[in-house]
Amino acid sequence: MAPDLLLTARNLTKKFGDFTAVDGIDVEVRKGEAFGFLGPNGAGKSSTMRMVGAVSPVTSGELRIFGLDPETHAQQIKARLGNCPQKDLLDEELSVEENLWVYGRFFGLSKAEVRERATELLEFAQLTERRADKVEHLSGGMKRRLVIARSLINNPELLLLDEPTTGLDPQARHILWDRLFRLKRQGVTLIITTHYMDEAEQLCDRLVVMDKGAIAAEGSPKDLIARYSTREVVEVRFDADDHGAFADSLSGIGERMEVLPDRILLYADDGDAATAAIADRGIDTLSTLVRRSTLEDVFLHLTGRTLID
Amino acid sequence: MLGYALWRFVLLRDVLAFKRMWWLFLSGFVEPVFYLFSIGIGLGALVNDVTTDQGMVISYAAFVAPAMLAASAMNGSIADTTYNFFAKLKFSKTYDTMLATPARPWDVAIGEILWSLIRGGVYSAIFFVVALAMGFVRSWWAVLAIPAALLIGAAFAGVGMWATTYMRSWKDFEFVTLVIQPMFLFSATFFPLAVYPESLQWLVKVMPLYHGVELQRGLLLGDMHGGLVVSVLYLVVLCALGLWGASRRISRLLLT
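The notes below deal with the structure included here. (Residues numbered from 1 in each chain as written. Chains lettered and ligands numbered in written order. Predicted model: local features only at pLDDT ≥ 70, side-chain atom pairs only at ≥ 80, totals over all residues.)

1. Things to note about the overall build of chain B
And then number 1: A tally of regular secondary structure across chain B gives ten helices and two strands.
And then number 2: Here the C-alpha atoms of chain B give a radius of gyration of 19 Å, agreeing with the 18 Å that 2.2 N^0.38 yields for 256 residues.
And then number 3: Overall, the C-alpha framework of chain B stretches about 60 × 40 × 35 Å when taken along its three principal axes.
And then number 4: Within the span of chain B, comprising 256 residues, buried residues form 46% of the whole.
And then number 5: Across chain B, the fraction of contacts at a sequence separation of at least 24, relative to all contacts at a separation of at least 6, is 81%. (Helix = DSSP H or I, 4+ residues; strand = E, 2+ residues; numbered from the N terminus. Rg over C-alpha atoms; globule rule 2.2 N^0.38 Å. Buried ≥ 20, exposed ≤ 12 C-beta atoms within 10 Å, placed from the backbone. Contact = placed C-beta atoms within 7 Å.)

2. A closer look at the pairing of strand S7 (residues 189-194) of chain A
Residue and element names in this part refer to chain A.
And then number 1: Across the six residues of S7, six count as buried, placing the element largely inside the fold.
And then number 2: Alternating positions in S7 separate into two faces, Thr189, Ile191 and Thr193 on one and Leu190, Ile192 and Thr194 on the other, with burial throughout.
And then number 3: Relative to S7, strand S3 (residues 34-38) runs parallel, the two being bridged by five bridges. Within S7, the residue paired with Phe35 across the bridge is Ile191.
And then number 4: Alignment of strand S6 (residues 158-162) against S7, held across five bridges, turns out to be parallel. Across the sheet, the residue bridging to Asp162 is Thr193, located in S7.
And then number 5: Handedness of the β-α-β unit built from S6, helix H6 (residues 170-185) and S7 comes out right-handed. (Pairing = 2+ DSSP bridges. Right-handed = clockwise from strand over helix to strand, strands pointing away.)

3. Observations regarding the interface of chain A and chain B
And then number 1: On the chain B side, the residues contacting the 21 residues of chain A number 22 residues.
And then number 2: Those elements that provide at least two residues to the side of chain A that touches chain B are helix H2 (70-80) and helix H3 (96-105) of chain A.

4. Observations concerning the packing of helix H3 (residues 60-91) of chain B against helix H6 (residues 145-164) of chain B
All names here are of chain B.
And then number 1: One way to put it is that H3 packs onto H6 with a least axis distance of 8 Å and a crossing angle of 30°. Regarding the angle of H3 to H6, the classification is roughly parallel. Here the hand of the crossing between H3 and H6 comes out right-handed. Every residue of H6 that contacts H3 at Leu69, Ala70, Ala73, Met74, Gly76, Ser77, Ile78, Thr81, Thr82, Phe85 and Phe86 is listed here: Ala145, Ala149, Ile152, Gly153, Phe156, Ala157, Gly160, Met161 and Thr164.
And then number 2: When the residues that make up the contact of H3 with H6 are grouped by side-chain class, the tally is 13 nonpolar, seven polar and no charged. (Axes fitted to C-alpha atoms, helices over the stretch in contact; angles between N-to-C directions. Parallel < 35°, antiparallel > 145°, perpendicular 65-115°, else oblique. Left-handed = near helix turned anticlockwise from the far one by under 90°. Nonpolar A, V, L, I, M, F, W, Y, C, P; charged D, E, K, R; others polar.)

5. Quick look at the pairing of strand S9 (residues 214-219) of chain A
Residue and element names in this part refer to chain A.
And then number 1: Inspection of the sheet shows strand S8 (residues 206-211) paired to S9 by five bridges, in the antiparallel sense. What sits directly across from Met210, in S9, is Ile215.
And then number 2: Counted along the chain from S8 to the antiparallel partner S9, the turn is two residues long, and its residue Lys212 has a positive phi close to 50°.

6. Structural notes on the nonpolar core
And then number 1: Residues Ala65(B), Leu69(B) and Ile152(B) are the most contacted members of the largest nonpolar core, which totals 143 residues.
And then number 2: Ranked by residue count, the leading element in this core is H3(B), at 16 residues.
And then number 3: Dropping the residues within four chain positions of it, Ile152(B) is found in contact with Ala70(B), Ala73(B), Met74(B), Gly212(B) and Leu235(B).
And then number 4: Residues Val234(A), Val236(A), Ile253(A) and Ile264(A) belong to the second largest nonpolar core, which totals eleven residues. (Core = buried A, V, L, I, M, F, W, Y, C linked by C-beta atoms within 7 Å.)

7. Focus on unusual backbone geometry
And then number 1: The backbone phi angle of Asn155(A) is positive, close to 50°, even though this residue is not glycine.
And then number 2: The residue Asn155(A) is located in the loop between helix H5 (140-151) and S6 in this model.
And then number 3: In this structure Asn155(A) comes out as exposed when scored by C-beta crowding, with 12 C-beta atoms within 10 Å.
And then number 4: With a phi angle near 45°, Ala5(B) is a residue other than glycine that sits in the positive phi range.
And then number 5: Inspection of the secondary structure puts Ala5(B) in the segment before helix H1 (7-18).
And then number 6: With 10 C-beta atoms packed within 10 Å, Ala5(B) lands in the exposed category.

8. Description of the sheet that holds strand S4 (residues 60-65) of chain A
Residue and element names in this part refer to chain A.
And then number 1: Spatial strand order, S2-S1-S4: three strands in an open sheet with antiparallel pairing. Both edges of this open sheet fall to strand S2 (19-30) and S4, since each of them pairs with a single strand only. Put simply, the sheet's adjacent strands are angled 15° from each other on average, direction ignored.
And then number 2: Across nine bridges, the pairing between strand S1 (residues 5-16) and S2 is antiparallel. The residue bridging Leu7 from the neighbouring strand is Val29, located in S2.

9. Concerning the sheet that holds strand S12 (residues 264-268) of chain A
Residues and elements named next belong to chain A.
And then number 1: Pairing within the open sheet is antiparallel, and its four strands lie in the order S11-S12-S10-S13. At either end of the open sheet lies a strand with only one pairing partner, and these are strand S11 (256-259) and strand S13 (287-292). Direction aside, neighbouring strands of the sheet carry axes that sit 20° apart on average.
And then number 2: Both strand S10 (residues 232-237) and S12 contribute to a ladder of five bridges, which runs antiparallel. Bridge pairing links Val234 to Leu266 in S12.
And then number 3: Of the strands in this sheet, S10, S12 and S13 touch helix H10 (residues 271-280), which is tilted by about 30° from S10.

So far we have only geometry, and geometry alone does not tell us how the molecule works.
Spelled out as structure tokens, the structure:
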């Protein structure tokens, strides 16, 4: 394994009884990059993350983290990982700083070391003022920042973030993204799962699109959009319940069309030209909106479904 | 060294959490004290002296006191490793978080058992002082009563934790009551084994509390006999078995 590969997976598979959660994926993550797993709920992202976190045995295939096999070296791997699970899982019976102290001790840090590290991390997570508060009194965004602070207590080389901003309001999300950018600049390798395409676009250097346990595509957000979508998209809405009925009247405009229950998407490199073409045909739309292509469009093209149902 | 004795920090976590809930401590030790006063002394006033299974003739209260010491050790352990352990295992997911670190399932099991022992040990010590003050301690062997209480506690903690890993919901804890209650009443706690017909005596003898009661009775009354070696071994094996089983089950439940 090349020295700068922190993670390699070959034909990695996870089964729960008859159900295949992860279906033979191949992934490589290099040191210093922010790598994403993008996919809807149930795509197998969390199962993958748990295997990478060495808390879930691999059913078949090969997985190496820092070149180590989680089956035989789980402790060594966990010592160098930071783990932010999807649910906050903070200790509600402890105070904010006690959560950090206790967690840090499991990594072999001394009492003095965890206290010093906790002070730094509370500053980083903007929670210094709340240090002595009970965890249950924190807001959702604060809790999530505390989980991230906790996961950093051992100075991890690789940070796993499972759905880091799910359930947060827009302001809390932006604060969190800012913190994650800082970590990335400090050289921490990030692996992020998300079903938010904007999050993936903002944070990830490279990502895989996952669907039904398998990888549908891989690349940088820009590459994926260039490869699987057009530069722009026109969202056309009609004053009707069934948008499928209008598909024929729009055919030939743009390169490709996706019919959704509440709108029709026309993929075109020049969105304004496509809008003009609709007007030229005299079609009576409720609204037309030109926007840039996103990973959502990539996902839709690859799977025929939207990311968030 | 990586991951050396990480159960220490499971214990640390419990100590920190406990600072906020110290009052929960009270409930565990008052019960055996109440039994001692109501049954041992109150009811004991109506009862003649008792002849122990070893042939010693003593007052009824002196007969019941060692049994209550054993029961207090059991109660402390069972409270922590059933209800409290279940809440942390299923709801607050305390152990999922710990297992994401280098801590291993047996660190969780050992740490939680030690915590329950600290708690149970304090209950037993308080009860012992009460028994001593009331003159129910008759022998210097009684200096071993607290270590013996810890052994009883460890055995119940191990098995209690193991059983709890099979619980599906709070309703299943009815089974704990269903086992503990009769054991508390019939393990030669309130009357000697000799009152049972021969055929039922073996059933009492397989109960772990019976061995705890025998041990404490021997120590407090200074009535040492060979059977106590069997009781000690029984409790040691039970503790080891519980620890092993609980660790395995924690692995199976959380590392999936």
